[in-house]
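Residue-level structure breakdown
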Amino acid sequence: MTYMDYIWAFVAAGGGGAVIAFGIVRAFGEKWLDSKFTGRLQDLRHEHERQMESVRLETSRSLDRSTRLSEREFEVSAEAWSLIFEAYVRTMGALPGLRHQDDFSKLSDELARLVAKKNGFEDWETEELMARPVQDRNSYFSERKRAHELRDAKVAVREASNYLSRKALFIEKGVHDQLDQFIHSAWKALVAREIIMEIGAHDAEGIQRDDEDFRKGADAKVKDLEQLVRSCFWGSPEPSPTQT
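1. Some thoughts on the packing of helix α5 (residues 137–166) against helix α6 (residues 173–199)
α6 packs onto α5 with a crossing angle of 155° between their chain directions and a minimal axis gap of 10 Å. For the element pair α5 / α6, the angle class is roughly antiparallel. Handedness of the α5/α6 crossing: left-handed. The residues of α6 that touch α5, namely those facing R146, A147, L150, A153, K154, V157, R158, A160, S161 and L164, are H176, L179, D180, I183, A186, W187, L190, R193, E194 and M197. Taken together, the residues that form the contact of α5 with α6 break down as twelve nonpolar, two polar and six charged.

2. Observations regarding the nonpolar core
Of all hydrophobic cores here, the largest spans 29 residues; its most connected members are I84, L164, L179, F182, I183 and F214. Put simply, the parts of the chain that give this core at least two residues each are α2 (17–94), α5, α6 and α7 (210–234). Filtering out sequence-adjacent residues up to four positions away, L164 remains in contact with A80, I84, I171, H176, L179, D180 and I183. In this structure, F104, A112, A116 and M130 belong to the second largest nonpolar core, which totals ten residues.

3. Examining the environment of D103
Following the sequence through the fold, D103 ends up in the loop between α2 and α3 (109–118). Distance from D103 to R137, taken between C-alpha atoms, is 8.6 Å for residues 34 residues apart in sequence. At 2.5 Å, the side chain of D103 forms a polar contact with the side chain of S105.

4. Quick look at the environment of L95
Its place among the elements puts L95 in the loop between α2 and α3. Its relative accessible area of 1% is what places L95 among the buried residues. Residues in contact with L95, not counting those within four places in the same chain, are A189, R193, D211, F214 and R215.

5. Describing the side chain of R193
Position of R193 among the secondary structure elements: in helix α6. Within the buried set, R193 has no salt-bridge partner at all; the shortest N-O distance to an opposite charge, 5.0 Å, is to D211.

6. Some words on the packing of helix α4 (residues 123–131) against α5
The N-to-C vectors of α4 and α5 enclose an angle of 160°; their axes lie 9 Å apart at closest approach. It follows from the interaxial angle that α4 and α5 lie roughly antiparallel. The handedness of the crossing between α4 and α5 comes out as right-handed. Where α4 approaches α5, its residues W124, E125, E128, L129 and M130 are matched on the opposing element by R137, Y140, F141, R144 and H148. Of the residues belonging to the contact of α4 with α5, the class tally is five nonpolar, one polar and four charged.

7. Focus on the confidence of the model for the chain
The predicted structure's coordinates, where accompanied by low pLDDT, should not be read in detail. Taken residue by residue, the chain gives an average pLDDT of 78. The fraction at 70 or more is 68%. Within the chain, the element-level pLDDT minimum falls on helix α1 (residues 3–12), averaging 54, and the maximum on α5, averaging 93. Here residues 239–244 is a poorly scored stretch, pLDDT under 50, and it has one contact once near neighbours within four places are set aside; other chains count.

Quick notes on the rules
- Residues numbered from 1 in each chain as written.
- Predicted model: local features only at pLDDT ≥ 70, side-chain atom pairs only at ≥ 80, totals over all residues.
- Heavy atoms only, no water.
- Axes fitted to C-alpha atoms, helices over the stretch in contact; angles between N-to-C directions.
- Helix = DSSP H or I, 4+ residues; strand = E, 2+ residues; numbered from the N terminus.
- Parallel < 35°, antiparallel > 145°, perpendicular 65-115°, else oblique.
- Left-handed = near helix turned anticlockwise from the far one by under 90°.
- Contact = heavy atoms within 4.5 Å.
- Nonpolar A, V, L, I, M, F, W, Y, C, P; charged D, E, K, R; others polar.
- Core = buried A, V, L, I, M, F, W, Y, C linked by side-chain atoms within 4.5 Å.
- Buried < 20%, exposed > 50% of the residue type's maximum accessible area, 1.4 Å probe, protein only.
- Polar contact = N/O pair within 3.5 Å; in protein donor to acceptor, adjacent residues only side chain to side chain.
- Lys, Arg positive; Asp, Glu negative; His and termini not counted.
- Salt bridge = Lys/Arg side-chain N within 4 Å of Asp/Glu carboxyl O.
- pLDDT = per-residue confidence, 0-100.

Rendered as structure tokens:
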């Protein structure tokens, strides 16, 4: 027989001891219920703490991931803008426009060589320049200088395009697409310019003049892109009183 069996047998015997036995049973039952309730409450508390810890860990991981992505986006967007702007400057420099140039017809051979070196001429280019009659040196220098500018611009555009492709995951898609579109238009402008240089402007009738289109709209487009990238860092600017 169990302890409870003895208690109930004692109660069944009747007499004055029945009241005492009932009190014992009642006290034992209350303690047993309290013990069960306390255990269940403890289990619930442990489960709640476990769930809260899981939530805290997931929140911490999410915040840490978000922080790392934000930092990465900041770095990538800043570098992308730097490359985009360099490509813009190089492309504009390779397109037709006013240029300052030394007059080689008035320079000594020594100064002519110095100017050529300062402008990044290869040794063979310098020798070809010096082999020209003095009156022809200006045209040769201009031709080679334009070729250098075109080459440097294509390198800058290619670097910007490659960077955008490699880092696309870290740049907001809308921003990436607009930057990529600008780089694509710069490349088309350089290709058009290269064709014009090869065939001559007088034979360029009917050719799509992407170079002229780019030169006309590039300044305004760069300002728009700058504001777009800036908004990624600082948010959209508040409208001025004159705009409200």
